[in-house]
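Geometric and topological summary
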Amino acid sequence: MSLDRRSFRVGVIAGVFLLSGVLAGVLFSAGSGWMSPAASAPSMSPAALGGSNGFPAVAKVTMPAVVNISTTRVVKGHGGQASPFMDDPVFRHFFGDEFNKRFQVPRDRRESSLGSGVIVSANGYIVTNAHVVEKADEIKVLLSDKREFTGKVVGSDPKSDIAVIKISGKDLPTLNWGDSEKLEVGEYVLAIGNPFGLNSTITLGIVSAVGRANMGIEQYENFIQTDAAINPGNSGGALVNTRGELIGINTAIFSRTGGSMGIGFAIPSNMAKGVMDSLVKHGKVVRGYLGVSIQDVNAKIAKQFGLDKAQGALVSDVVSGSPAEQGGIKTGDVIVRLDGKAIENSTLLRHRVAEMPVGQGVEIEVLRDKKPVKLNIKVAEQPKDMTASGEGVKGEGKSSALAGFEVQNLTPDISGKLNLARGTQGVVVNSIEPGSAAEEAGIQPGDVIAELNRKQVRNTDDFRRLSKSLGKDESALLLVVRQNRKLFIAINP
């Protein structure tokens, strides 16, 4: 069954739980419910919360700039128009009017949806979610003072779920952008929007977490998590701090019921503003690009690479001809700093590079063979397309790390079935023992092992020879190719 994102979105987590038959939470979009560059607004002092009128003061300043967005689109439906065959009198004579009632030609229907948006400039630019205005034929914007305008889409970025629309009007209320990087867990925030079509609704909560990623909602995720009530119809609405600054755009909730359960997600203002500026200036989002495949460093991998702690972004592949290759980055490097700022994980690196201006030089510090190396690389524009047999053999070393799976030579037939890129070398995993160390580490059938402990594996002979060299308690670090993407996996005995 296909689901319309304009009504609600179901994340990857939902699919896994529902297929297992377990009652579990699902990720709904906070917007378009079932009913459904610098701003000039005054800012609030943190001291405003010291008195009993603190929150009403913030609400009074911020609520007018949050608008109701109503969209309409034409959808092909079924039934309504008479069949063209009914124009033929002979056809009508034999089949009668009953045929026309049963076999009508599909007729178009109009479908409406509701969401929210935030006016961020006096000249009428409004930030909202991409899924709120997706495929809309008509957009109506209703302000809290009852003025209504027709909105025009300036640009949309599904990768971050941010869209910009524009209205033409005078004396428009606006919100100041806040700095989302300064947010702290536990800080008070207010969510403003139009849940279930209830205009100008405001709820209070705190910042529950920052930097939420890998949720399966968007391609670029760095969410602010809050327990401020967010419900369907809130998508595109404002998350503001106690100074009356816009620090997030509400986008999704985790729910078992479709309503708020105290787990909501907002796109950080810094990301939203960057996307908006690019859409307004270029009509598209221009993102920075290095040309590396990266992954997080876990405790097992940190030990294999001799790192003091599990931190940084491990380079599992370097794109040929990319800025990274030209700048000297190599597979197995661990990126720990970008322009002097620490890189905690691969998600942080991905976002920071994406936000960098094209053509800008950047200093990258990597750990290579346990030694720090500094490289200078020029950021390029991210390309549109980012996607880049024999007998089975088991590991024969004393270590049990490789005892739980079997591999075989990579033949042209297997390469074709796996849709592997030309020139891929290694051995393919054809079976894994349940409960083995390999299964627990994440090895999957169909994985192609290209390296074992940083040494190339071209065939089963290489794999057998290298596995024999493993000591009894020695771990194995594998470089695997999965769906034409490379990643490191560490297996402990």
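Since the model is a prediction, treat every value here as computed from it, not as a measurement. Throughout, residues of each chain are indexed from 1 in the direction in which the sequence is written. Reporting in this predicted model follows two pLDDT cut-offs: at least 70 for local features of residues, and 80 or more for side-chain atom pairs to be given and counted; totals over whole chains, interfaces and linings ignore these cut-offs and use all residues. Excluded from the side-chain calculation are hydrogens and water; included are all heavy atoms of the structure.

Secondary structure counts use DSSP, requiring at least four H or I residues in a row for a helix and at least two E residues in a row for a strand, with both numbered from the N terminus. Looking only at helices and strands, the protein chain features eleven helices and 30 strands. Think of it in three bands: with a 1.4 Å probe and only protein chains considered, a residue is buried below 20% of the maximum accessible area for its type, exposed above 50%, and partly exposed in between. Of all 493 residues assigned to the protein chain, the portion counted as buried reaches 48%.

The next subject is the pairing of strand β17 (residues 292-296). Alternating positions in β17 separate cleanly, Ser293 and Gln295 being buried on one face and Val292, Ile294 and Asp296 remaining unburied on the opposite face. Here β17 pairs with strand β18 (residues 313-318) via five bridges, running antiparallel. Bridged to valine 292 within β18 is valine 318. Two strands pair if DSSP finds at least two bridges between them.

Our focus in this paragraph is helix α5 (residues 269-282). The length a helix should cover is 1.5 Å for every residue beyond the first. Taking 1.5 Å per residue as the helical rise, α5 with its 14 residues ought to reach 20 Å, and the 19 Å between its terminal C-alpha atoms agrees with that figure. Of the positions making up α5, those classed as buried are Ser269, Met271, Ala272, Val275, Met276, Ser278 and Leu279.

As a further point, take the environment of aspartate 369. Here aspartate 369 is to be found in the loop between β21 (361-368) and β22 (371-378). For the pair aspartate 369 and phenylalanine 305, spaced 64 residues apart in sequence, the C-alpha to C-alpha distance is 7.3 Å.

What follows concerns the pattern of salt bridges. Criterion for a salt bridge: a side-chain nitrogen of Lys or Arg within 4 Å of a carboxyl oxygen of Asp or Glu. On inspection of all chains with the given rule, the structure shows eleven salt bridges. The partner of arginine 458 in a salt bridge is aspartate 462, and the shortest N-O contact between them spans 3.0 Å. On the accessibility criterion, aspartate 462 (6% relative accessible area) is buried. Through salt bridges that share partners, Arg458, Asp462 and Arg465 make up one connected network.

This part covers the packing of aromatic side chains. Each Phe, Tyr or Trp ring, with Trp reduced to its six-membered ring, pairs with another whose centre is within 6.5 Å; inter-plane angles below 30 degrees give stacked pairs, above 60 give edge-to-face pairs, and intermediate values give tilted ones. In total, this model carries four aromatic pairs according to the counting rule given. With 5.8 Å between their ring centres and 50 degrees between their planes, phenylalanine 223 and phenylalanine 265 make a pair best called tilted. Of the two residues, phenylalanine 223 is situated in strand β12 (residues 223-226) and phenylalanine 265 in strand β15 (residues 264-268); the sequence distance between them amounts to 42 residues. Summarising the burial analysis for this pair, phenylalanine 223 and phenylalanine 265 share the class buried. Here the aromatic rings of phenylalanine 305 and phenylalanine 488 are separated by 5.6 Å at their centres, their planes lie at 85 degrees, and the arrangement is edge-to-face. As far as the burial class goes, phenylalanine 305 and phenylalanine 488 line up, both buried. Two conditions define a charge sitting above a ring: the NZ of Lys or the CZ of Arg must be within 6 Å of the ring centre, and it must be within 35 degrees of the ring normal. A cation over an aromatic ring shows up here: lysine 166 above the ring of tyrosine 125, its NZ or CZ 5.4 Å from the ring centre. A cation over an aromatic ring shows up here: arginine 350 above the ring of tyrosine 220, its NZ or CZ 4.2 Å from the ring centre.

By definition, no residue in a patch forms a salt bridge, and every one has over 30% relative accessible area; like charges are joined within 9 Å, nonpolar side chains (Val, Leu, Ile, Met, Phe, Trp, Tyr) within 5 Å. Residue-level accessible areas treat just the shown protein chains as cover; the underlying method is Shrake-Rupley with a 1.4 Å probe. Taken together, the side chains of Tyr188, Leu204 and Ile206 make up a nonpolar region of the molecular surface, amounting to roughly 260 Å² of accessible area. Position of leucine 204 among the secondary structure elements: in strand β11 (residues 201-212). Residue leucine 204 is classed as partly exposed on the basis of its relative accessible area, which comes to 41%.

Moving on to helix α8 (residues 346-354). Turning to α8, its buried residues are Ser346, Thr347, Leu349, His351, Val353 and Ala354. What makes two residues a contact is simply this: any of their non-hydrogen atoms within 4.5 Å. The secondary structure elements touched by the buried residues of α8 are α5, β16 (288-289), β17, β18 and β19 (334-338). As used in this structure description, the phrase polar contact means that two N or O atoms lie within 3.5 Å; if the pair is within protein, one of them must be able to donate a hydrogen and the other to accept it, and residues adjacent in sequence are counted only when both atoms belong to side chains. The N-capping residue of α8, defined by a side-chain oxygen 3.2 Å from the backbone nitrogen of threonine 347, is asparagine 345.

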